[in-house]
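# Structure assessment
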Amino acid sequence: MTVIDIKANLDAVQERIATACARANRNPDEVTLVAVSKKKPIEAIVAANLCGMRHFGENRVEEAMEKIPVVNEQVDEKPVWHMIGHIQSRKAKLVEPLFDVVHSIDTLKIAEKLSQLASESQRTLPVLLEVNISGEAAKYGFEASDWKNKPAIKANFWDTVAKLQQLPYLDIRGLMTMAPFYDDMERTRPIFADLAELREHLQSGFHVALPDLSMGMTNDFPIAIEEGATILRIGRAIFGERA
Ligand SMILES: *Cc1c(COP(=O)(O)O)cnc(C)c1O
């Protein structure tokens, strides 16, 4: 992909974001686009940065270690790096120095490790809690499928959130989810609506602000915007299909 291809793709994505925001009566400034650059070369990331992209998402620690320092060297405006993939606990110490935001907090254990590491770096790490809303599809995330009808699931998740809130060096910004792939993107709507409702319940139950909902990918982002997404994680629509 050339800079020109990436620019054209980015323009098309921004246009679709604007259209979905207009439909939902939302201001496009409320929606942050994270360009998911996993499996894509450094040159593609630098090209997207030249086109004005400032937020990038990676899902594997080893790959991120190879790419992030080089990209940071090559660009004038250092990107904001989002970790969006599952983190094995023995790799937490590699994640903390590389990333600015972690979307994939899926166990109390990984949260505790990252809080400890952030404290050693004398910073607070912004994080999102990955939630498994759809039940079958996602492999990772705190179990919350059908939380409205299942008191035990809700109680369990509430208990975990209470513990996560005690971690002093994590700033819990909100929730993240992945919808299953459907040919008809309309089918993702109940999942995104459910995540938004879960966020509302947590905000009022814990008296906290959870401003961010990280949801919506290439296949389903217009629906996610309509249901309140504040962060979109989009890869293929920007960088093309992955090998
Ligand atoms: C790969 C990935 C994305 C982006 O998916 P696309 O279909 O390329 O837009 C978003 N979120 C997560 C967690 C991913 O792993």
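Residues numbered from 1 in each chain as written. Predicted model: local features only at pLDDT ≥ 70, side-chain atom pairs only at ≥ 80, totals over all residues. Heavy atoms only, no water.

From N to C terminus, the protein includes nine helices and nine strands. Compactness check: the protein gives a C-alpha radius of gyration of 17 Å against a globular reference of 18 Å for 243 residues, within 12% of the reference. Counting only C-alpha atoms and orienting by the principal axes, one finds that the protein spans roughly 50 × 45 × 30 Å. When the 243 residues of the protein are sorted by exposure, 51% land in the buried category. Pairs at least 24 apart in sequence give 60% of the contacts found in the protein among residues at least 6 apart. With an accessible surface of roughly 11400 Å², the protein has 50% of that area assigned to carbon and sulfur atoms. (Helix = DSSP H or I, 4+ residues; strand = E, 2+ residues; numbered from the N terminus. Rg over C-alpha atoms; globule rule 2.2 N^0.38 Å. Buried < 20%, exposed > 50% of the residue type's maximum accessible area, 1.4 Å probe, protein only. Contact = heavy atoms within 4.5 Å. Areas by Shrake-Rupley, 256 points an atom, 1.4 Å probe, with all protein chains shown as cover.)

Now for the site of the ligand. Every residue near the ligand is listed here: V36, K38, I84, M178, M217, T218, R233, I234, G235, R236 and R242. T218 is positioned such that a nitrogen or oxygen atom in its side chain is 2.5 Å from an oxygen atom of the ligand. The contact in question runs from a nitrogen atom of the ligand to an N or O atom on the side chain of R233, over 2.9 Å. A total of 390 Å² of accessible area belongs to the ligand in isolation, and the protein chains cover 95% of it. Class assignment for the residues of the shell around the ligand results in five nonpolar, two polar and four charged. (Near = heavy atom within 4 Å. Polar contact = N/O pair within 3.5 Å; in protein donor to acceptor, adjacent residues only side chain to side chain. Nonpolar A, V, L, I, M, F, W, Y, C, P; charged D, E, K, R; others polar.)

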